[in-house]
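Next come the chains, spelled out residue by residue.
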Amino acid sequence: MKKATHKLLDPILREHKMSGTWKADDVRNILQELETYDIAVARKKKISLAVCIISFVVAIVPLFVGFFYLLPLALVGIVFIFLFRRYRSFDIDDQVRLFVKPMVESLQYDVKKDAYISVDIELLPLDNNKYLTNKGEPYAAGAYPKCCDYTYKRDFLKLKIPLVDGNKLAIGVDELLTKTEKTKTNPRGKTKTKYKYAKKTGYSLELKVNTERFSVSRPAAVNKIAEGAPEINVAKKDGATVVTGSFTVKSKEKSAGKAEICSDPVILLGGLTQLYAALKPATTK
Amino acid sequence: MAKCKYKVGLLNLQDCGKEGVTVCASCNRPVCGAHSRIHERSTLCLECFVNKVPEQKDKGPGPGEDAEYRAARRRNLIYGATAFHPYYFGRSRSYGYDDYTYFDDTYAAAGDPVAGKEEIEPADFQES
């Protein structure tokens, strides 16, 4: 890791938030380092979990039966339990490397050279308690006598990018996650818990048009907006022409532990190109 | 060799501008090392490569690891899905006169101001 990037990365990891203004190259470097860091942490987390499980089976359980010579191995297992908990606290939302980084990568040649980008990214996973806004009342549903809904909400991403053609682009992504926890006890007395995740991602795009280069043609009214297709509006804001587009994408995940239902960069970039489709060269007014 | 004619960008296309090192076997444009890929013993520009070669998994070494390749793959997907035509802010959209002269036999005559220009005389025309 470069020393300069390392300096930038330290406060970001401490606050679990990437917030500030950087040059485009620095943003790409930071995202690259965050990806490397996230992959390394995920690998260490996996290894420590494996060691925990193995030591639990091989040492901790036989220890209770009387095999005291396995005590050192059991201690190693306990140390790795703490390590696993520690690595889990370093975890970065997968969306940073699967959504934000590819998006910035795709826009790298469209960003004005040496311009500063305003970035605001939440790094913690969405189902972190920091974003918990509501815990519903327990209820019963079918075979599950105890169910509960948790609602998480946050503004995941805010980007302000000056583009090479003179336009100014603002991207916003907000997320709403509903986690349903269903618990039942089977006839053998075992408690089983299932999770369901439903995520609603709202994308908002704003393009401040450089009127010296582009004119805006109001898009034809669309009766029904398909998922992933932005509803485009043209307005005047502080004397400037602004094209805005917003759309929401809903996704569901059944498996436990997969709260990070990642946004697709192609959907957002596709929406952005549709905003651009409303522009025409200024000379052909 | 001419400059790389691969167009970079998503919303606005620009010339790559780096020194070209090879020529795409499919579209014949000169491309630099970063924007060329070898496929079945022939060199293709990244755009032709993405169009011809099906998506490869992003695991292991190869184009899947490459940021330029991934960006080209995404751009291909987005342009295909949205039928978007970006604006081009480069030097020229098509090949210029200089590009055609590379293929002329007289190109080798360095310093000749009329090298590559085809001279047509009235005797060349025949009655049909």
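Residues numbered from 1 in each chain as written. Chains lettered and ligands numbered in written order. Predicted model: local features only at pLDDT ≥ 70, side-chain atom pairs only at ≥ 80, totals over all residues.

Student: Even after reading the chapter, I still don't get the overall build of chain B, so can you show me in this structure?
Tutor: Helix and strand counts for chain B stand at three helices and seven strands. For chain B, the α and β elements follow one another from N to C terminus as β-β-β-β-β-β-α-α-β-α. Taken across its 128 residues, chain B has 23% of its residues classed as buried. Nonlocal contacts in chain B, meaning residues at least 24 apart in sequence, comprise 32% of its contacts between residues at least 6 apart. (Helix = DSSP H or I, 4+ residues; strand = E, 2+ residues; numbered from the N terminus. Buried ≥ 20, exposed ≤ 12 C-beta atoms within 10 Å, placed from the backbone. Contact = placed C-beta atoms within 7 Å.)

Student: What is the right way to read the interface of chain B and chain A from this model?
Tutor: Many authors give the size of an interface as the accessible area that is lost as the parts come together. Counting residues at the interface gives 17 residues for chain B, matched by 18 residues for chain A. Secondary structure elements with two or more residues in the side of chain B that touches chain A: β2 (12-15) and α2 (67-82) of chain B. The greatest single-element share of the side of chain B that touches chain A, amounting to nine residues, is contributed by α2 of chain B.

Student: Can you walk me through the pairing of strand β5 (residues 36-39) of chain B in this structure?
Tutor: Consecutive side chains of a regular strand alternate in pointing toward one face of the sheet and then the other. All names here are of chain B. Pairing of β5 with strand β6 (residues 42-45), which is carried by four bridges, proceeds in the antiparallel orientation. Bridging across to β6, R37 finds its partner in L44. Count of turn residues in the β5/β6 antiparallel hairpin: two residues, of which E40 carries a positive phi of about 50°. (Pairing = 2+ DSSP bridges.)

Student: For this particular structure, what's the right way to read the domain arrangement of chain A?
Tutor: All names here are of chain A. Each domain of chain A was delimited in the assignment, giving domain 1 (1-92) and domain 2 (120-284). Contact residues are listed per partner, giving six residues for domain 1 and six residues for domain 2. Its residues assigned to classes, the side of domain 1 that touches domain 2 comprises two nonpolar, two polar and two charged. (Domains from an automatic or database assignment. Nonpolar A, V, L, I, M, F, W, Y, C, P; charged D, E, K, R; others polar.)

Student: Hey, could you run me through the environment of I54 of chain A in this one?
Tutor: Residue position: I54 of chain A is located in helix α2 (residues 24-65). C-alpha separation for the pair I54 of chain A and K135 of chain A, spaced 81 residues apart in sequence, amounts to 35 Å.

Student: Quick question: what am I supposed to make of the confidence of the model for chain A here?
Tutor: The predicted coordinates should not be examined in detail at positions where pLDDT is low. Confidence along chain A averages 85 in pLDDT terms, with 91% of residues attaining 70 or more. Across chain A, the element-wise mean pLDDT spans from 78 in helix α1 (residues 3-15) of chain A up to 94 in strand β2 (residues 116-122) of chain A. (pLDDT = per-residue confidence, 0-100.)

Student: When you look at helix α5 (residues 265-276) of chain A in this model, what are you seeing that I'm missing?
Tutor: Think of an α-helix as turning once every 3.6 residues; residues three or four places apart then point the same way. With 12 residues, α5 of chain A extends 17 Å between its outermost C-alpha atoms, agreeing within 8% with the 16 Å of an ideal straight helix rising 1.5 Å per residue. Among the 12 residues in α5 of chain A, 10 count as buried, and that is most of the element. Of the positions making up α5 of chain A, those classed as buried are P265, I267, L268, L269, G270, G271, L272, Q274, L275 and Y276 of chain A. Each element contacted by the buried residues of α5 of chain A is listed here: α4 (95-106), β7 (191-208), β9 (231-237), β10 (240-253) and β11 (279-281) of chain A together with α2 of chain B. (Expected span 1.5 Å × (residues − 1).)

Student: For this particular structure, what's the right way to read α2 of chain A?
Tutor: Residues and elements named next belong to chain A. When the terminal C-alpha atoms of α2 are compared, their 60 Å separation across 42 residues agrees well with the 62 Å that a helix rising 1.5 Å per residue should span. If you look at α2, its biggest bend is around 45°, right at F56. A24, V27, I30, L31, L34, S48, C52, S55 and A59 are the residues of α2 that are buried. Positive backbone phi, approximately 130°, marks G66, located one or two places after α2. (Bend = angle between axes of the 7 residues up to and from the residue.)

Student: What should I look at first to understand unusual backbone geometry in this one?
Tutor: For residues other than glycine, phi is negative in most cases, and the peptide bonds are mostly trans. All names here are of chain B. Its identity as a non-glycine residue notwithstanding, N28 has a phi of 65°, on the positive side. Overall, N28 belongs to the exposed group, with 12 C-beta atoms counted inside 10 Å. Positive phi, close to 50°, is recorded for E40, a residue that is not glycine. Here E40 shows up in the loop between β5 and β6. What makes E40 exposed here is the crowd of 8 C-beta atoms within 10 Å.

Student: What is the right way to look at the packing of α4 of chain A against α5 of chain A in this model?
Tutor: Residue and element names in this part refer to chain A. Running from N to C, α4 and α5 cross one another at 40°; their axes reach a closest spacing of 9 Å. Overall, the two elements α4 and α5 adopt an arrangement that is oblique. Two packed elements cross with a definite hand, and for α4 against α5 that hand is right-handed. On α5, the residues that touch F99, P102, M103 and S106 of α4 are P265, L268 and L269. Split into classes, the residues belonging to the contact of α4 with α5 amount to six nonpolar, one polar and no charged. (Axes fitted to C-alpha atoms, helices over the stretch in contact; angles between N-to-C directions. Parallel < 35°, antiparallel > 145°, perpendicular 65-115°, else oblique. Left-handed = near helix turned anticlockwise from the far one by under 90°.)

Student: Just checking my understanding: could you explain the environment of L205 of chain A for this structure?
Tutor: Residue and element names in this part refer to chain A. In this fold, L205 is placed in strand β7. C-beta crowding within 10 Å serves as the criterion here: with 22 such atoms nearby, L205 is assigned to the buried category. Sequence separation between L205 and L279 is 74 residues; the distance between their C-alpha atoms is 14 Å. Beyond its immediate stretch of four places on either side in the chain, L205 contacts I171, P230, T244, G245, S246, G271, L272 and L275.

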